[in-house]
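So the chains spell out like this:
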Amino acid sequence: MTSSSTTAEPERSGTILSRFNNSRNALGIIFMLPAAIFLIGFLTYPLGLGVWLGFTDTRIGRAGDFIGLENYAYLMDDQVFWLSVFNTVVYTVIASILKFVLGLWLALILNEKLPYKSFFRAIVLLPWVVPTVLSALAFWWIYDAQFSILSWSLMKLGLIDTPINFLGDPLNARLSVIAANVWRGIPFVAISLLAGLQTIPVSLQEAASLDGATPWKRFRYVTLPMLTPIIAVVMTFSVLFTFTDFQLIYVLTKGGPVNATHLMATLSFQRGIPGGQLGEGAAIAVSMIPFLLAAILFSFFGLQRRKWQQGGQD
Amino acid sequence: MAPVEFVKVRKSFGATPIIKGVDIDIADGEFVILVGPSGCGKSTLLRMLAGLENITAGEIRIGGRVVNKMPPKERDIAMVFQNYALYPHMTVAENMGFSLLMNGIPKSGIEAKVRPAAEILGLTNLLDRYPRQLSGGQRQRVAMGRAIVRNPQVFLFDEPLSNLDAKLRVQMRVEIKELHQRLKTTTVYVTHDQIEAMTMADKIVVMHDGIVEQVGAPLDLYDRPNNLFVAGFIGSPAMNMIDGTISPSDPKVFLTGDGTALPLAKPVDAANGKALVYGLRPEHVRFDPNGIPATVVVTEPTGAETLVIARLGGSDLTLVFHERILVNPGDTLRIAINEAAVHVFDRATGQRL
């Protein structure tokens, strides 16, 4: 008797219960249920509610009515909204580029044979494991108008006469929050890329050096091409994290001065919760979705698995 | 093409000596195989020649130039790695042309060199493929192709066949040997497989525990092993080694532990009762109705020959017969030993007497 006929037997003759017990699909659904409930309850529902709120004029304390695209039409003419879009894009682009360059550099250093290598690797992770609010508070002090340690040091060195107005000047404030974000984001990039570097066999580097490649050419022709798939994934995540950043800005500047550091996320919160305009806040948050989708699609199509990674016959 | 010399080469990792003073002369165009068990230092020696490991002491010369401090790319050598080390993101053609690209040769020049090399190795149809799309043997050929397009002074092979299946290994053995006969480039080849060493080398260097045990042509090593290690390492099935002493009454008789007398071709000058080893290759026996009795333990017919494991003088010996014989476990075989081919070693020093 073959195995297929033995499994078919009880299905034909069994009760509904035994058929259910023997069904792989039913079992699969049962096993997936907890995760599905979790996803629906904590991801799909809030997302759906957010999208729905964006089409209503809901305020705190008052159920809203459906008003179609009115919120979006209003935002189209809102200078502050467009400023926040500009800020978010600038913040994301500059911070991501800096995180990539510095993170890759750090990863390459950590991949060399260094004394106390594991110690340094652990240290590098520190900015990432510290809660964002905590490091943001630390930066708040570093950037303080009066007590900034940076200003103090530079003044003691005689390089400047008055404290630097880190968070009070629009340009300084933007640079300051970007610097804080970069500091916090480097470990993720560096450690992920380090993991990627360690998957490149040493013999490839050796073969390249026997083939006459200088260290720079080894990086350019061997390391970098082999690292691109990981760079794509890491930078997609990094861009998403940066684009949706909220905590750092909210602790450091709350969007000021004069909205110069307002990101879409902070503006959405500002309008929605303290401002009470839940509908408008939701609309701002929903406006982030196209940008995020664009980032994901860019990495998906632009940096998807290369031909050389695909196995098997052609 | 260039000669290669190792002069009193030493290597330590920290306080641990790995290579303990190695001298090897490799003539121009010679195919030399470094062979030895795992951990004997043969791969380290090759990597030192390639410039991938530092030299602790001594000198390595390629074409007369001392290369101790020279970076790998200036040594003009090409290496085939055990895992082939093909660049996975480059096609076969790009892999083979990489060294030329690195040395600033224009595209047309690269193409002109890659093509003939691909033809030699039968890779012409695969030039646009990526390493992932190739079989093990094809990857092996690409790795060799990458080495030959450079036309280097020396080829280095680091256990190149150990990732291939048995059949392909035999085939690639022939191809590598053919390639060497065609290009006549000095070749240093590392393997732990003594069959590869015996079949391919002009000269074999047997290494053990960081030192060179013996250097010589394959059949010289087979016929005249200097010591017990070489005797046991070279040859398959391995040489039979029987412990015993010289008979006090007759220096042409070797007495095993249980008193069985084995013949020697010439008298051996050894102190009375000195522990010796009687080395007998499996094929140096023949049937003889008046010979020494041995009890059959197992027979292994392989078609071309028959292996018989037989108990004689207290130890199990492997015997090879080219005729098909029908014996069963427990039967008694009578054999005669070709005493001219017998080796005698000193048990304590391992040296041949």
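Since the structure is predicted, the reported quantities are computational estimates derived from the model, not experimental observations. (Residues numbered from 1 in each chain as written. Chains lettered and ligands numbered in written order. Predicted model: local features only at pLDDT ≥ 70, side-chain atom pairs only at ≥ 80, totals over all residues. Heavy atoms only, no water.)

**Quick word on the pattern of salt bridges**
We count it as follows: The rule for a salt bridge is simple: a side-chain nitrogen of Lys or Arg has to be within 4 Å of a carboxyl oxygen of Asp or Glu. Labels follow the DSSP assignment, with helices taken as runs of H or I lasting at least four residues and strands as runs of E lasting at least two, numbered in each case from the N terminus. Per-residue accessibility, obtained with a 1.4 Å probe over protein chains only, is compared with the maximum for each type, and a residue is labelled buried under 20%, exposed over 50%, and partly exposed between these values.
On inspection of all chains with the given rule, the structure shows 18 salt bridges over all chains. A salt bridge links R47(B) to E206(A); the shortest N-O distance between them is 2.6 Å. Taken together, the residues R47(B) in helix α1 (residues 42-50) and E206(A) in helix α10 (residues 202-210) connect one chain to another. For the residue pair R47(B) and E206(A), the accessibility class agrees, reading buried in each case.

**Observations concerning the domain arrangement of chain B**
Residues and elements named next belong to chain B. Just so we agree on the cut-off: Reported domain spans reflect what an automatic or database domain assignment gives. Only heavy atoms enter the contact rule, under which two residues are in contact if any of them lie within 4.5 Å. Here the quantity called buried area is the total loss of accessible area, with a 1.4 Å probe, experienced by two parts when brought into contact, counted for both. For the purposes of these results, a polar contact is taken to be a pair of N or O atoms within 3.5 Å, where, inside protein, one atom must be able to donate a hydrogen and its partner to accept one; residues adjacent in sequence count only when each atom of the pair is a side-chain atom. When residues are sorted by character, Ala, Val, Leu, Ile, Met, Phe, Trp, Tyr, Cys and Pro go into the nonpolar class, Asp, Glu, Lys and Arg into the charged class, and all the rest, Gly among them, into the polar class.
Partitioning chain B into structural domains gives domain 1 (4-233) and domain 2 (240-346). When each unit is reduced to the centre of its C-alpha atoms, the spacing between domain 1 and domain 2 is 39 Å. Taken together, the contact between domain 1 and domain 2 spans nine residues of the former and seven residues of the latter. In this assembly, domain 1 packs against domain 2 so that about 660 Å² is buried in total across both faces, 62% of it on carbon and sulfur atoms. The largest per-residue losses of area from domain 1 upon contact with domain 2 belong to Y222, L228 and A231, which jointly make up 72% of the total buried on that side. There are zero salt bridges connecting domain 1 and domain 2. At the surface where domain 1 touches domain 2, the tally comes to two residue pairs in polar contact (both at pLDDT 80 or more). Broken down by secondary-structure element, the contributors of at least two residues to the side of domain 1 that touches domain 2 are α7 (218-223) and α8 (228-233). Classifying every residue of the side of domain 1 that touches domain 2 by side-chain character gives five nonpolar, three polar and one charged.

**Notes on the domain arrangement of chain A**
Residues and elements named next belong to chain A. Under the domain assignment used here, chain A contains domain 1 (9-54) and domain 2 (78-304). Relative to domain 2, the C-alpha centre of domain 1 lies at a distance of 39 Å. Opposite the four residues of domain 1 that make contact, domain 2 presents four residues. Buried surface at the junction of domain 1 and domain 2, both sides included, amounts to about 330 Å², of which 82% is carbon and sulfur. Of all residues in domain 1, the largest losses of buried area upon contact with domain 2 belong to V51, L53 and G54, amounting jointly to 79% of the total for that side.

**Here we look at helix α13 (residues 264-272) of chain A**
Where burial is concerned, most of α13(A) is hidden: seven out of the nine residues are buried. Restricting attention to buried positions, one finds in α13(A) the residues M264(A), A265(A), T266(A), L267(A), S268(A), R271(A) and G272(A).

**Quick word on the packing of aromatic side chains**
Selection rule: Side-chain rings of Phe, Tyr and Trp (the six-membered ring for Trp) are treated as a pair once their centres are within 6.5 Å; stacked means planes under 30 degrees apart, edge-to-face means over 60, and tilted covers the remaining angles. A ring has a charge above it when a Lys NZ or an Arg CZ is no more than 6 Å from the ring centre and no more than 35 degrees off the ring normal.
All told, the structure shown has 27 aromatic pairs over all chains when counted by the stated rule. Plain terms: the ring middles of W141(A) and F147(A) are 6.2 Å apart, the flat faces sit at 45° to each other, and that makes the pair tilted. Centroid distance F246(A) to Y250(A): 5.0 Å. Interplanar angle 15°. Geometry classified as stacked. Overall, the relative accessible area of 25% leaves F246(A) in the partly exposed class. Positioned above the aromatic ring of Y221(A) is the side chain of R220(A), whose terminal nitrogen or guanidinium carbon lies 4.6 Å from the ring centre. Directly above the aromatic system of Y222(B) lies the positively charged group of R281(B), at a separation of 3.8 Å from the ring centroid.

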